[in-house]
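Descriptive analysis of the structure
One-letter residues, chain by chain:
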Amino acid sequence: MNREALIMVCTCEMSGRVRGKGFPARELSSRMKSGVGWVPTNSMINAFSKIPATPFGTGGDLILVPDAEAEAKAEFGDGSAPEHFFLGDIRQLDGTPWECCPRNFARRALAALKEVAGVNLLSAFEHEFVYTGVESRPGESYSLDAYRRQGIFAEGFTAALRQAGAEPETFLPEYGACQYEFTVSPALGLQSADRAVIAREMARATAHRLGHRAIFSPILDPAGVGNGVHIHFSFRDAHGGSATHDPKDPFGLSPIARHFAAGLLHHMPALTAITAPSSVSYIRLRPNRWAPTVADLKRQDRGAAIRICPVIPGADVARQFNLEYRVADSAASPYLTLGALVFAGVDGIRRKLDLPSEGPPLSATLSSALDALEASAPAKEWMGAAFHNAYLVHKRGELAGLEGLDEKACCDLYAETY
Ligand code: GLU
Ligand code: MG
């Protein structure tokens, strides 16, 4: 068959799904400027491709413009069409950012961090997921056998990540049934969120070519363990030096890192509505799942909301020193997660917040987290009133569609989406 190459330009909005439009690759240079058409209500398409309500109606025109810095291309060597897409920004027709563009939300947060503290964020999104190409067997957790039985998925995925510039770091069989995990190298600023989007899609793309799925839904079985997203982060000063560690602090945190973490804990009730944004996200956040249940910071404790990660003695401690935000999952757009996290941290730095002695429990449901987000004047300011309102309408509409379903039925639905 004759074939002509196409390229997609995509965004990852409130639903956490990657959506966009394609065009012939030969038109790339003009599309880099004009983008593709987009409409405000696209943002309101939820995880189940429904639009229960929208503040935007059917009106308005926007453009989704590819970012030359966020191109992903991978060939699979099996005759299938390559994965070739750009991540982009949603803009008004005059080229200015649209107020609900998730990528610009993250960009604004990173700029605020630089302005307030003079530092850049170095971060990496660590992902857990379930691969459908293996059967669950007793004793599978972390086993070489579970690694082996996923066949060539891991190699195909690693090759795709490498080609797409997402810098694969580790791949492992995780604790849960058919569960695996991967990490990619940390990146500065917005690039780490781009990498997270690209990495999830390359996992899905590889699995698809093998006739299977990589499922990133926060939890598949209400009695099982969840698929977390753990965001490792540290700060780099203007010269690239580490600005995260202070050996004199009881936790080893620099003042910037300490206030930033305090900001995260302070805003955790509202933050979870963005970083754990599905009904089933809150099934994951229950005791005995190695997932957080209270808004706390602990050293080397995988049950904490924020974990201070270990450093290998002898090596450069300050450079290795990093924190891990564990209250996130793949139902969230990495742009929204990164933006919310950074804005909350920046507020902690601005107000010189200190670490609380005890953490309050996390919200038990998305509904209560959304109430906290609605009540948060700072969150409304970070997002802007229109985005804040659209987010609440989006998620509450999605929740209303799940009424009457039990936890297993909800998990099954989300597993089909993510
Ligand atoms: N699966 C756990 C979660 O949902 C995390 C396990 C781990 O510490 O890697 O966050
Ligand atoms: Mg893990």
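Structure: see above.
Every value quoted in this text rests on a predicted model; they were computed, and no experiment measured them.

1. Side note on the environment of alanine 332
Its location among the elements puts alanine 332 in the loop between strand E14 (323-328) and helix H10 (334-350). Spatially, the C-alpha atoms of alanine 332 and alanine 177 are 22 Å apart, while their sequence positions differ by 155 residues. Ignoring any residue separated from it by four or fewer positions in sequence, one finds alanine 332 in contact with Gly16, Arg200, Ile274, Thr275, Pro277 and Thr337.

2. Examining the layout of surface pockets
Put simply, the largest pocket is a space of about 860 Å³. Surrounding the largest pocket, 40 residues form its lining, Glu126, Glu181, His232, Arg307 and Glu324 being those nearest its centre. The set of elements that each furnish at least two residues to the lining of the largest pocket consists of strand E6 (120-131), strand E7 (168-173), strand E8 (179-184), strand E11 (229-236), helix H9 (317-320) and E14. In terms of residue count, E6 provides more of the lining of the largest pocket than any other element does, 6 residues in total.

3. Comments concerning the pattern of salt bridges
By the definition in use, this model includes 25 salt bridges. Close ionic contact of glutamate 167 with arginine 195 constitutes a salt bridge, the shortest N to O distance being 3.4 Å. Within this pair, whereas glutamate 167 is found in the loop between helix H4 (153-163) and E7, its partner arginine 195 is found in helix H5 (residues 191-209), the two being separated by 28 residues in sequence. A residue is classified by how much of its surface remains accessible, and glutamate 167, at 38% relative accessible area, is partly exposed. Note that lysine 248 is salt-bridged to aspartate 246, the shortest N-O span being 3.5 Å. Linked by salt bridges that have partners in common, Asp67, Asp89, Arg91, Arg103, Arg107 and Asp194 make up one network.

4. Things to note about the environment of histidine 245
Its place among the elements puts histidine 245 in the loop between E11 and helix H6 (255-266). Between the C-alpha atom of histidine 245 and that of phenylalanine 48, which follows or precedes it by 197 residues, the distance is 43 Å. Those residues in contact with histidine 245, other than ones at most four positions away along the chain, are Gly252, Leu253, Ser254, Val317, Ala318 and Phe321. Side-chain polar atoms of histidine 245 contact the backbone oxygen of glycine 252, separated by 2.8 Å.

The rules we used
- Residue indices begin from 1 for each chain and proceed along its sequence in written order.
- Lettering for chains starts from A, numbering for ligands starts from 1, and both go in the order in which the items are written.
- Given that this is a predicted model, residues contribute local features only at a pLDDT of at least 70 and side-chain atom pairs are listed and counted only at 80 or more, while totals for whole chains, interfaces and linings are drawn from all residues.
- Heavy atoms throughout the structure, all of them, feed into the side-chain values; hydrogens and water do not.
- Secondary structure elements follow DSSP: runs of H or I of four or more residues count as helices, runs of E of two or more count as strands, with numbering from the N terminus.
- Residues count as neighbours in contact if any of their non-hydrogen atoms are within 4.5 Å of one another.
- Cavity and pocket criteria rest on a 1 Å grid covering protein atoms alone: a 1.4 Å probe that fits but cannot get out defines a cavity, protein on both sides within 12 Å along at least 5 of 7 lines defines an open pocket, and an atom within 4 Å of a point defines a lining residue.
- Grid points are joined across faces, edges and corners, and a volume is the space filled by probe spheres set on the points.
- Salt bridges are defined as contacts in which a side-chain nitrogen from Lys or Arg sits within 4 Å of a carboxyl oxygen from Asp or Glu.
- Relative accessibility thresholds used throughout: buried, under 20% of the residue-type maximum; exposed, over 50%; partly exposed, between the two (1.4 Å probe, protein chains only).
- Polar contacts here mean pairs of N or O atoms no more than 3.5 Å apart (in protein, one a potential hydrogen donor and the other a potential acceptor; neighbouring residues in sequence count only if both atoms are side-chain atoms).

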